[in-house]
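Chains, contacts and geometry: an overview
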Amino acid sequence: MVGQIAYIALGSNLGERSETLEAALAMLDECAGISVLRVSGMVQTAPVGGPDGQGDYLNGVAEIEMSLSPMELLSVLQDIERKFGRDRLSEERWGERTCDLDILLIGDLVMDTPELTIPHPRMHQRKFVLAPLNEIAAEVVHPVFDKTVSALLADLN
Ligand code: ROI
């Protein structure tokens, strides 16, 4: 496939978290126009923000190659989330979720529309994103801050 490299954040804090994220990755890899190239380890993290009382998350990051547009990728990710019972319209913002799939980076694309902002607007503030991303993409440069993932992670620590 001749495509772009993109990074997807995975998160789950409800149900069988590890099985859910494995299954979501398999579904992603089976999509036409997407290959999962590498996956970080999945780490347990305390919830950041959101309402009190939610359980710990399992978080990880996947590197994919894709020949889809950004909006096509978003729609594939939302379809997979829905298969795990998510309904973004009825759920609480920042609330617990069975399967959360967020686009972090697509090559050096920068875009900001009501539907989609790339790079992900909060990725540089989140250790639960940067730590697993650093495992598989330490030298990748954030196109807005012009810093590597490892430098962004060092800034947080
Ligand atoms: N906290 C952690 N640790 N991991 C997440 O994936 C996560 N996702 C969220 C909020 C509620 C902001 N907190 C999180 O959406």
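Here is a short report on the structure shown in this document. (Residues numbered from 1 in each chain as written. Predicted model: local features only at pLDDT ≥ 70, side-chain atom pairs only at ≥ 80, totals over all residues. Heavy atoms only, no water.)

A short note on the site of the ligand
- Neighbouring residues of the ligand: Thr 45, Ala 46, Pro 47, Val 48, Tyr 57, Asn 59, Trp 94, Arg 97, Arg 126 and Phe 128.
- Separating a nitrogen atom of the ligand from a backbone N or O atom of Ala 46 is a distance of 2.8 Å.
- With respect to the ligand, the backbone of Val 48 contributes an N or O atom lying 2.8 Å from a nitrogen atom.
- Protein coverage of the free-state accessible area of the ligand, which is 350 Å², stands at 96%.
- More than half of the atoms belonging to the ligand lie within 2 Å of the grid points that define the largest pocket.
- In the shell around the ligand, the residues fall into 6 nonpolar, 2 polar and 2 charged. (Near = heavy atom within 4 Å. Polar contact = N/O pair within 3.5 Å; in protein donor to acceptor, adjacent residues only side chain to side chain. Areas by Shrake-Rupley, 256 points an atom, 1.4 Å probe, with all protein chains shown as cover. 1 Å grid on protein atoms, 1.4 Å probe; cavity = no way out; pocket = protein on both sides within 12 Å on 5 of 7 lines; lining within 4 Å. Sits in = over half its atoms within 2 Å of the grid points. Nonpolar A, V, L, I, M, F, W, Y, C, P; charged D, E, K, R; others polar.)

As for the pattern of salt bridges
- Applying the stated criterion across every chain, the model contains 4 salt bridges.
- Across the pair Glu 63 and Arg 38 runs a salt bridge whose closest N-O atoms are separated by 3.2 Å. Here Glu 63, found in strand β4 (residues 57–66), pairs with Arg 38, found in strand β2 (residues 34–39); they are 25 residues apart in sequence, far enough to count as distant.
- Judged by its relative accessible area of 39%, Arg 38 is partly exposed. (Salt bridge = Lys/Arg side-chain N within 4 Å of Asp/Glu carboxyl O. Helix = DSSP H or I, 4+ residues; strand = E, 2+ residues; numbered from the N terminus. Buried < 20%, exposed > 50% of the residue type's maximum accessible area, 1.4 Å probe, protein only.)

Some words on the side chain of Arg 126
- Topologically, Arg 126 is positioned in the loop between β7 (117–118) and α3 (127–137).
- Buried and unpaired, Arg 126 has no salt bridge, with Asp 102 as the nearest side chain of opposite charge at 4.7 Å.
- When sequence neighbours within four positions are dropped, the list of residues in contact with Arg 126 reads Trp 94, His 120 and Leu 156. (Lys, Arg positive; Asp, Glu negative; His and termini not counted. Contact = heavy atoms within 4.5 Å.)

Here we look at the packing of helix α1 (residues 17–30) against helix α2 (residues 70–83)
- Orientation of α1 relative to α2, taken along the N-to-C sense of each, is 140°, at an axis distance of 10 Å. Regarding the angle of α1 to α2, the classification is oblique. Handedness of the α1/α2 crossing: right-handed. Of the residues in α2, those touching α1 at Ala 24, Met 27 and Leu 28 are Val 76, Leu 77, Ile 80 and Lys 83.
- Taken together, the residues of the contact of α1 with α2 sort by class into 6 nonpolar, no polar and 1 charged. (Axes fitted to C-alpha atoms, helices over the stretch in contact; angles between N-to-C directions. Parallel < 35°, antiparallel > 145°, perpendicular 65-115°, else oblique. Left-handed = near helix turned anticlockwise from the far one by under 90°.)

Concerning the pairing of strand β5 (residues 100–106)
- Burial runs high along β5: 7 of the 7 residues are buried.
- As paired elements, strand β1 (residues 4–12) and β5 share 6 bridges and run antiparallel to each other. Bridge pairing in β5 places Tyr 7 opposite Leu 105. (Pairing = 2+ DSSP bridges.)

Quick word on the environment of Glu 19
- Topologically, Glu 19 is positioned in helix α1.
- When the C-alpha atoms of Glu 19 and Val 39 are compared, they prove to be 15 Å apart, with 20 residues separating the residues in sequence.

Notes on helix α4 (residues 149–156)
- Within α4 the residues assigned to the buried category are Val 149, Leu 152 and Leu 153. Projected onto a plane normal to the axis of α4, the buried residues spread over an arc of 100° and lie on a single side.
- Packed against the buried residues of α4 are α3, β8 (141–142) and β9 (147–148). (Arc of directions from axis to C-beta.)

Quick look at the environment of Ala 137
- With respect to the helices, strands and loops of the structure, Ala 137 is situated in helix α3.
- Sequence separation between Ala 137 and Arg 38 is 99 residues, and the spatial gap between their C-alpha atoms is 9.7 Å.
- If we ignore the near neighbours within four places in the chain, the residues touching Ala 137 are Tyr 7 and Val 149.

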